[in-house]
Amino acid sequence: MPPSYEIDTRRGPARLDTDLPVRPATALLVLGHGAGGSVDAPDLLAVRDASVAAGLAVVRVTQPYRVAGRRAPAPAGHLDEAWAAVLAVLRERHADVPTVVVGGRSSGARVACRTARAVGAAGVVALAFPLHPPGRPERSRAAELGTGLPTLVVNGDRDPFGTPEPGPGVQVVSRPGETHDLRRDPAGTAAAVRDWLSAQGWAAAD
């Protein structure tokens, strides 16, 4: 399959950018973008590079509203529907890969959490999970992290959207000096993800 291609969903075409390891993949990591951002955000690219080096296949998914050129995000239900459609296609195209891990940054992390069980994921990687709107801690989204699956949250300690607390199955890594964009040290963020993937047995041994 080509490294970048589009698939049709009921919400419009989604774009998939695929990077494969040099050896058979130990797992498939599927990543979504932030609300107004792209799959080329520094933290997503760093996680892609570290994960591919660790033996995972990585697919970065651009939601249909961004493919169409819109910055305002689609409703949550539309995002989840398009994501689930993409995961169904990826499971067929990567049927030889034993494990699927879902994730993303910010809005993409929320989509991955909300749909993780439905798409049959083994775990979740949540970068810059937006715990609440800035200045509105009473509007917590912590319940979305309660997937019952192994989950890694990597947030900056200066993120105005807040940082979740660890919970059953939920490991939280707080990155010092980072805000919501996680731009100061993408390699450090990626190392935290790789260590977690290794601890779960989803990354190849060195």
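Everything that follows concerns the structure shown earlier in this document.
Because the structure is predicted, anything quoted here is derived from the model rather than measured. Counting restarts for each chain: residues are numbered from 1 in the order of the written sequence. The predicted nature of this model means local features are confined to residues of pLDDT at least 70 and side-chain atom pairs, given and counted, to a pLDDT of 80 or more, with totals for whole chains, interfaces and linings taken over all residues. Derived side-chain values reflect all non-hydrogen atoms in the structure, with water molecules and hydrogen atoms excluded from consideration.

**Regarding empty space enclosed by the protein**
- The pocket and cavity definitions rest on a 1 Å grid over protein atoms only: a 1.4 Å probe that fits but cannot leave marks a cavity, an open set with protein on both sides within 12 Å along at least five of seven lines marks a pocket, and residues lining either have an atom within 4 Å of a point. Grid points are joined across faces, edges and corners, and a volume is the space filled by probe spheres set on the points. The full count for this structure, using the stated rule, is 1 cavity of 30 Å³ or more.
- Roughly 60 Å³ of internal volume is contained in the largest cavity.
- Lining the largest cavity, in full, are Gly32, His33, Gly34, Ala35, Gln63, Tyr65, Leu79, Trp83, Ser107, Gly108 and Val111.
- Helix and strand assignments follow DSSP, with helices taken as H or I runs no shorter than four residues and strands as E runs no shorter than two, numbered in order from the N terminus. Elements that contribute at least two residues to the lining of the largest cavity include exactly α3 (76–93) and α4 (107–115).
- With 3 residues, the single largest contributor to the lining of the largest cavity is α4.
- Here the lining of the largest cavity is composed, by residue class, of 5 nonpolar, 6 polar and no charged. Gly falls in the polar group here, along with every residue not listed as nonpolar (Ala, Val, Leu, Ile, Met, Phe, Trp, Tyr, Cys, Pro) or charged (Asp, Glu, Lys, Arg).

**Points about helix α5 (residues 186–199)**
- Counted at 1.5 Å a residue, the expected span for α5 with its 14 residues is 20 Å, and the 20 Å between its end C-alpha atoms agrees.
- Throughout this description, buried means an accessible area under 20% of the type-specific maximum (1.4 Å probe, protein chains only), exposed means over 50%, and partly exposed covers the range between. For α5, the set of buried residues is Gly188, Thr189, Ala190, Ala192, Val193, Trp196 and Leu197.
- Buried residues along α5 sit against α1 (42–53), β6 (123–127), β7 (151–156) and β8 (170–175). Take the residue count of a helix, subtract one, and multiply by 1.5 Å to get its expected span. Whether two residues touch is decided by their heavy atoms; if any such pair falls within 4.5 Å, the residues are in contact.

**Things to note about the layout of surface pockets**
- In this structure, the largest pocket spans a volume of roughly 160 Å³.
- If you go around the largest pocket, you meet 14 residues; those closest to its centre are Ala35, Pro73, Leu79, Ser107 and Arg110.
- Elements with a minimum of two residues in the lining of the largest pocket: α3 and α4.
- The dominant element in the lining of the largest pocket, judged by the number of residues it contributes, is α4, at 4 residues.
- Grouping the amino acids of the lining of the largest pocket by side-chain chemistry returns 9 nonpolar, 2 polar and 3 charged.

**A look at the environment of Thr189**
- In this fold, Thr189 is placed in helix α5.
- For Thr189, a relative accessible area of 0% translates into the label buried.
- As used in this structure description, the phrase polar contact means that two N or O atoms lie within 3.5 Å; if the pair is within protein, one of them must be able to donate a hydrogen and the other to accept it, and residues adjacent in sequence are counted only when both atoms belong to side chains. Among the polar contacts listed, one links the side chain of Thr189 to the side chain of Arg175, at a separation of 3.4 Å.

**So, the environment of Ala88**
- Among the structural elements, Ala88 can be located in helix α3.
- Taking relative accessible area as the criterion, Ala88 reaches 43% and is therefore assigned partly exposed.
- Note: C-alpha distance between Ala88 and Ala191 (103 residues apart in sequence) is 29 Å.

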